[in-house]
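# Structure assessment
What follows is the residue order along each chain.
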Amino acid sequence: MLKLKNLSKTFNPGTVNEKLVLDNVSLLVNEGDFVSVIGSNGAGKSTLLNAIAGSVDLDAGSIELNGREISQMPDVTRARFIGRVFQDPMMGTAPGMWIKENLSLAYRRTKRPTLRWALSSDDDEMYIEKLEKLGLGLEGRLKTKVGLLSGGQRQALTLLMATIQQPELLLLDEHTAALDPKTAKTVLELSADIIEKNNLTTLMVTHNMRNAIDYGNRLIMMHEGRIILDIEGEEKRRLSVAALMEMFERSSGEDFASDSALLGK
Amino acid sequence: MITAATIQSAIAQGLLWAVLTLGVYLTYRVLGFSDLGCEGSFPLGAAVSVVLMNGGVHPLLAAAAAMLCGAIAGAITGVLHTVFKIPDILAGILTMISLYSINIRIMSGKATVTIASDTLKSIVGGLFPQNTSSYIVSIVTGAIFCLIIVGVLYYYFGTEVGCSIRATGDNAKMARAVGVNTDMMIVLCLVISNSMIALAGNLIAQFDYGSALVNMGQGTIVIGLASIIIGEVLFVRDEMNFALKMFSVVAGAVIYRIVIACALTLPWLKATDLKLITAVTVAIALALPVVKQKMALRAKRRAALKEAGNAEA
Ligand SMILES: Nc1ncnc2c1ncn2[C@@H]1O[C@H](COP(=O)(O)OP(=O)(O)O)[C@@H](O)[C@H]1O
Ligand SMILES: [Mg+2]
């Protein structure tokens, strides 16, 4: 269970560029919840995920994951139990290293690195089996450098790396936004499949309302650093894009047409 | 005139300087860190070991002490960069400048300390027949050191820790996202690299200069880079394993010395011109890929323009 309590963050405080990006955000995410997160550009979605992962320092608030307070933990420590996939497919993998080396780094994320030979073939079978499930033909290419893969393949690999050790929390930040529509769909379905099979507690930021409605059991909408909508279960399943837009206008007091960023494709 | 002795001497120098080149390779290529601190740890290794040897310490023990001091120097550069967020070049310069003062202290205020005791060179030389040339002794010693170092590094960079260092150099954001403590890996890599560079300083002092010189570090990073670039251009292929890449770099260091030795036989070239030539070579080698890319882009644009013109006609 993830408990966010009164998270606040202001960038560049005391300057002309001062910007309140998280405004007292509180949220309770239950074990196994798959939450899609939407909101206009600059609403604070990425900052929220970065704060949970530890790559942004909070001004105030507490983050409790499965009973322990993690808001003071360094990001690399949190990375042992929080899996992440970024928007940029280049971000999540090491291009100069083999597929196998990338996977082995991810697989050993919970432990300190030792002087054990990391390139042994002990785990090859397991890697091949996991790669097969991606259905992208990567299973025969353990010794291919990741830099030679396409954006979609790299993003799928990042997803596998983020989940190869069951994470306590999975954070996806517009992880299909940089892909072409067909690849985006493949990667999104893969994500949903992995999340469901492993019952992963997940926050998934998306700019696409349709996807936000179709995937996950819960939906939250952010606006100007606050959570302005939180819908789940049956109500979410019956949601339509039009209804969602109307809710946005009502909750934010802004005209939707002025916020094309939310429309998605 | 280029003689067999010129070439032998160049190979000997090349193999000894290759130890430094491998150290520079680790920071510059594996980690992507431009470490000017090496210009301080190189004379540091020489100063520490020469002073110890003159004080009666066994050469091997003196070499180990030199490596330890180099390791500390590397750790300081690393901490300046990771903990205090000082840019890599500046962090290295700070270490280098401090080491200048420290090295003079170690050498009791002198700019040169001549070796006046048993060295590795005399010990190794004793194992060979009486009339063996000193170049051969240096070549064999240099080759053995390079072999051992490449072997150890090949193993080390294939371990979990080694993979973590490589990942840090390749994509630090990814490394952090899979729980690699990138700061620690940067410090670790600088420690390894600088201890090797200090060892190189110790070897050069014994086998080449016969003394420790406070200024012997000047330009070492450029010499290292030049050797790396020569090795990469001539030998390195993308699909090579790490050991072969390191051997290529060793070969680069040797070829660099041979080229320099040959160049020096030209009557109009002065020994003091070497730094200029080396720097220009490195600058050209680093500029070449950028120039190539720009030319390719321009050619592409021209082709596109032409096509558009054809379509109009
Ligand atoms: N490191 C930073 N420094 C200053 N401002 C930032 C930084 N990161 C984000 N911001 C600003 O904070 C706001 C929220 O950003 P972000 O969380 O990325 O929004 P979203 O992901 O919802 O589009 C934006 O106005 C952005 O410009
Ligand atoms: Mg964002």
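These numbers were taken from a predicted model, which means no experiment stands behind them.

### Details of the site of ligand 1
All names here are of chain A. Around ligand 1, the neighbouring residues are Phe-11, Asn-12, Lys-19, Val-21, Ser-40, Asn-41, Gly-42, Ala-43, Gly-44, Lys-45, Ser-46 and Thr-47. For ligand 1, an oxygen atom lies 3.2 Å from a polar atom in the backbone of Ala-43. At 2.8 Å, a side-chain N or O of Ser-46 approaches an oxygen atom of ligand 1. Compared with its free state, where it exposes 560 Å², ligand 1 has 61% of that area covered by protein. Elements represented by at least two residues in the shell around ligand 1 include exactly strand 2 (19-29) and helix 1 (45-53). Ranked by the residues each element gives to the shell around ligand 1, the list is headed by helix 1, at three residues. For the shell around ligand 1, the per-class residue count stands at three nonpolar, seven polar and two charged.

### Here we look at helix 1 (residues 4-31) of chain B
Residues and elements named next belong to chain B. The terminal C-alpha atoms of helix 1, which comprises 28 residues, lie 38 Å apart, in line with the 40 Å expected from a rise of 1.5 Å per residue. Approximately 35° is the largest bend angle found in helix 1, and it occurs at Ala-18. Backbone geometry just downstream of helix 1 places Gly-32 in the positive-phi region, at approximately 70°.

### Quick notes on the sheet that holds strand 6 (residues 82-85) of chain A
Residues and elements named next belong to chain A. Across the sheet, which stays open at both edges, the six strands sit in the order 6-7-8-3-9-10 with mixed pairing between neighbours. Looking at the sheet topology across the chains shown, the edges are occupied by strand 6 and strand 10 (226-232). The average angle at which neighbouring strand axes cross in this sheet is 15°, direction not considered. In the sheet, strand 3 (residues 34-39) pairs with strand 9 (residues 218-223) via five bridges, with the strands oriented parallel. Residue Val-35 lies in a different strand from strand 9, and its bridge partner there is Arg-218. Packed on one face of the sheet, helix 5 (residues 151-163) meets strand 6 and strand 7 (169-173) and runs near 175° to strand 6. Against the sheet, helix 6 (residues 181-198) touches strand 3, strand 7 and strand 8 (202-205), its axis set at about 170° to strand 7.

### Regarding the pattern of salt bridges
The full count for this structure, using the stated rule, is 21 salt bridges over all chains. Residue Asp-33 of chain A pairs with Arg-218 of chain A through a salt bridge whose shortest N-O separation is 3.3 Å. Here Asp-33 of chain A, found in the loop between strand 2 and strand 3, pairs with Arg-218 of chain A, found in strand 9; they are 185 residues apart in sequence, far enough to count as distant. Here the salt bridges do not stand alone but share partners, grouping Arg-108, Arg-116 and Asp-123 of chain A together with Glu-160 of chain B into one network.

### Some words on the packing of helix 10 (residues 220-234) of chain B against helix 11 (residues 242-264) of chain B
The description of two helices packed together rests on the angle between their axes and the distance between the axes. Residues and elements named next belong to chain B. Look at helix 10 against helix 11: their axes get within 7 Å of each other, and the N-to-C directions meet at 115°. Comparing their axes, helix 11 and helix 10 come out roughly perpendicular. As helix 10 packs across helix 11, the resulting crossing turns out to be right-handed. Along the contact surface, helix 10 presents Ile-223, Ala-226, Ser-227, Ile-228, Ile-230, Gly-231 and Leu-234, while helix 11 presents Ser-248, Val-249, Gly-252, Ala-253, Ile-255, Tyr-256 and Arg-257. Grouping the constituent residues of the contact of helix 10 with helix 11 by class yields nine nonpolar, four polar and one charged.

### What about the sheet that holds strand 5 (residues 68-69) of chain A?
Residues and elements named next belong to chain A. As summarised here, the arrangement of the four strands in space is 2-1-4-5, forming an open sheet in which the pairing is antiparallel. Two strands bound the open sheet, and with one partner strand each, they are strand 2 and strand 5. In this structure, strand 4 (residues 60-65) lies alongside strand 5, joined through two bridges in antiparallel fashion. Bridged to Leu-65 within strand 5 is Arg-68. Set on the sheet, helix 1 makes contact with strand 1 (2-11), strand 2 and strand 4; between it and strand 1 the angle comes to about 115°.

### Digging into the layout of surface pockets
Unoccupied space between atoms shows up once a probe the size of one water molecule is rolled over them. One number sums up the size of the largest pocket: a volume of about 750 Å³. Residue lining of the largest pocket: 28 residues in total, with Gly-96 and Lys-145 of chain A together with Arg-166, Phe-242 and Lys-245 of chain B positioned closest to the centre. In terms of residue count, the dominant contributor to the lining of the largest pocket is helix 1 of chain B (four residues). Among the residues making up the lining of the largest pocket, the classes are represented as 12 nonpolar, five polar and 11 charged. In this model, the second largest pocket occupies a volume close to 480 Å³. Lining the second largest pocket we find 21 residues, and of these Tyr-209, Ile-223, Arg-257, Leu-274 and Lys-275 of chain B sit closest to its centre. Those elements giving two or more residues to the lining of the second largest pocket turn out to be helix 1, helix 9 (182-209), helix 10, helix 11 and helix 12 (274-312) of chain B. The element best represented in the lining of the second largest pocket is helix 11 of chain B, accounting for five residues.

### A short note on the pairing of strand 4 of chain A
Residues in a regular strand point their side chains to alternate faces of the sheet. Bridging between strand 1 of chain A and strand 4 of chain A involves five bridges; their strand directions are antiparallel. Paired with Lys-5 of chain A across the bridge in strand 4 of chain A is Ser-62 of chain A.

### A look at unusual backbone geometry
Here the phi dihedral of Glu-224 of chain A falls at roughly 45°; this positive angle occurs in a residue that is not glycine. Relative to the elements of secondary structure, Glu-224 of chain A occurs in the loop between strand 9 and strand 10. For Glu-224 of chain A, a relative accessible area of 47% corresponds to the partly exposed category. If you check the backbone angles, Ser-108 of chain B has positive phi at about 50° while not being a glycine. With respect to the element layout, Ser-108 of chain B can be found in the loop between helix 4 (88-106) and strand 1 (112-114). Exposure remark for Ser-108 of chain B: the relative accessible area of 61% places this residue in the exposed category.

### Focus: the interface of chain B and chain A
On the chain A side, the residues contacting the 25 residues of chain B number 29 residues. Taking both partners together, chain B and chain A bury about 2,400 Å²; carbon and sulfur atoms supply 61% of that area. Of all residues in chain B, Glu-160, Met-174 and Val-178 of chain B bury the most surface against chain A, accounting for 27% of the area lost on that side. Our count for the chain B to chain A interface comes out at five salt bridges. Applying the counting criterion to the chain B and chain A interface returns 14 residue pairs in polar contact (both at pLDDT 80 or more). Elements with a minimum of two residues in the side of chain B that touches chain A: helix 6 (134-156), helix 7 (160-170), helix 8 (172-177) and helix 9 of chain B. Broken down by element, the side of chain B that touches chain A gets its largest block of residues, seven residues, from helix 7 of chain B.

Here is what the cut-offs are and how they apply
Residues numbered from 1 in each chain as written. Chains lettered and ligands numbered in written order. Predicted model: local features only at pLDDT ≥ 70, side-chain atom pairs only at ≥ 80, totals over all residues. Heavy atoms only, no water. Near = heavy atom within 4 Å. Polar contact = N/O pair within 3.5 Å; in protein donor to acceptor, adjacent residues only side chain to side chain. Areas by Shrake-Rupley, 256 points an atom, 1.4 Å probe, with all protein chains shown as cover. Helix = DSSP H or I, 4+ residues; strand = E, 2+ residues; numbered from the N terminus. Nonpolar A, V, L, I, M, F, W, Y, C, P; charged D, E, K, R; others polar. Expected span 1.5 Å × (residues − 1). Bend = angle between axes of the 7 residues up to and from the residue. Pairing = 2+ DSSP bridges. Axes fitted to C-alpha atoms, helices over the stretch in contact; angles between N-to-C directions. Contact = heavy atoms within 4.5 Å. Salt bridge = Lys/Arg side-chain N within 4 Å of Asp/Glu carboxyl O. Parallel < 35°, antiparallel > 145°, perpendicular 65-115°, else oblique. Left-handed = near helix turned anticlockwise from the far one by under 90°. 1 Å grid on protein atoms, 1.4 Å probe; cavity = no way out; pocket = protein on both sides within 12 Å on 5 of 7 lines; lining within 4 Å. Points joined across faces, edges and corners; volume = space filled by probe spheres on them. Buried < 20%, exposed > 50% of the residue type's maximum accessible area, 1.4 Å probe, protein only. Buried area = accessible area lost by both parts, 1.4 Å probe.

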